[in-house]
Amino acid sequence: NAGVTQTPKFQVLKTGQSMTLQCAQDMNHEYMSWYRQDPGMGLRLIHYSVGAGITDQGEVPNGYNVSRSTTEDFPLRLLSAAPSQTSVYFCASTPPGRRNTEAFFGQGTRLTVV
Amino acid sequence: GNSVTQMEGPVTLSEEAFLTINCTYTATGYPSLFWYVQYPGEGLQLLLKATKADDKGSNKGFEATYRKETTSFHLEKGSVQVSDSAVYFCALSVAQGAQKLVFGQGTRLTINP
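Each value, and the rule that gives it
Residues numbered from 1 in each chain as written. Chains lettered and ligands numbered in written order. Predicted model: local features only at pLDDT ≥ 70, side-chain atom pairs only at ≥ 80, totals over all residues. Heavy atoms only, no water. Pairing = 2+ DSSP bridges. Helix = DSSP H or I, 4+ residues; strand = E, 2+ residues; numbered from the N terminus. Axes fitted to C-alpha atoms, helices over the stretch in contact; angles between N-to-C directions. Contact = heavy atoms within 4.5 Å. Buried area = accessible area lost by both parts, 1.4 Å probe. Salt bridge = Lys/Arg side-chain N within 4 Å of Asp/Glu carboxyl O. Polar contact = N/O pair within 3.5 Å; in protein donor to acceptor, adjacent residues only side chain to side chain. Disulfide = S-S within 2.5 Å. Buried < 20%, exposed > 50% of the residue type's maximum accessible area, 1.4 Å probe, protein only.

## A closer look at the sheet that holds strand E8 (residues 76-78) of chain A
Residues and elements named next belong to chain A. Strand order across the open sheet formed by four strands is E1-E3-E8-E7, with antiparallel pairing between neighbours. In this open sheet, the two strands that pair with only one neighbour each are strand E1 (4-7) and strand E7 (64-66). Recorded for the sheet is a direction-independent mean angle of 20 degrees between the axes of neighbouring strands. The sheet contact formed by strand E3 (residues 19-25) and E8 spans three bridges and is antiparallel. Residue pairing across strands places Leu21 opposite Leu76, the latter belonging to E8.

## Some points on the interface of chain B and chain A
Contacts between chain B and chain A engage 25 residues on the former and 23 residues on the latter. Both sides together, the interface formed by chain B and chain A hides about 2,000 Å², and carbon and sulfur atoms give 53% of it. Where chain B touches chain A, the interface holds zero salt bridges. For the pair chain B and chain A, the number of links is four residue pairs in polar contact (both at pLDDT 80 or more). Within the residue set of the side of chain B that touches chain A, elements represented by two or more residues are strand E5 (32-38), strand E6 (44-50) and strand E10 (86-93) of chain B. With four residues, E5(B) is the single largest residue contributor to the side of chain B that touches chain A.

## So, the state of the cysteines
All names here are of chain A. All chains considered together, the criterion is met by two disulfides over all chains. Two residues share a disulfide in this structure: Cys23 and Cys91, whose sulfurs sit 1.9 Å from each other. Disulfide Cys23 to Cys91: torsion about the S-S bond roughly -75 degrees, handedness left-handed. Remark: Cys91 occurs in strand E9 (residues 87-94) and Cys23 occurs in strand E3; sequence separation between them is 68 residues. Given the relative accessible area of 2%, Cys23 is considered buried.

Have a look at this one:
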């Protein structure tokens, strides 16, 4: 009963480095999303996907790339990390169909860019 | 655009006190409304939800009523416990499904024994 699994849980990067945050879900959900959580700002949507092969931008997409080659996986890539990307990142998955559908969240990745 | 405003925290209460966390929203269209809770070191989990005007969501002693006339979805609990200490987020969705949630800034709640 894994749900949404994010790796790593913690990461420190130097400015300019690249990395990929992994997200996997085992609930066969079509919708997946990435959010960042910053103090005093709640969670903001970075990118989302409505199914394999389909992605779109959210509110704060700059500096991030995503792809969705399978239903299960939705990795988030930072191509050249910046201190402004220091944040806690959450992946979520949602079954499709209704506006009141619950989103299931991973435990988060705490990223520090120095 | 769509936005959610929550009362500023942190909020500190004694055990068995009455809790209200205010939440108001603006939305284009007819949103679904949610309260999510984040316990220390964990991801967010759904606490309750409401999908149309005058609906009341409830769970674990918490309640919130969808008020379209005042665009509000205030969270209440009659008697809080130490285990309710967490960060609470009000959120809305106007999209099909919940994959494009708009969150408030969160309210940190601490309950003292």
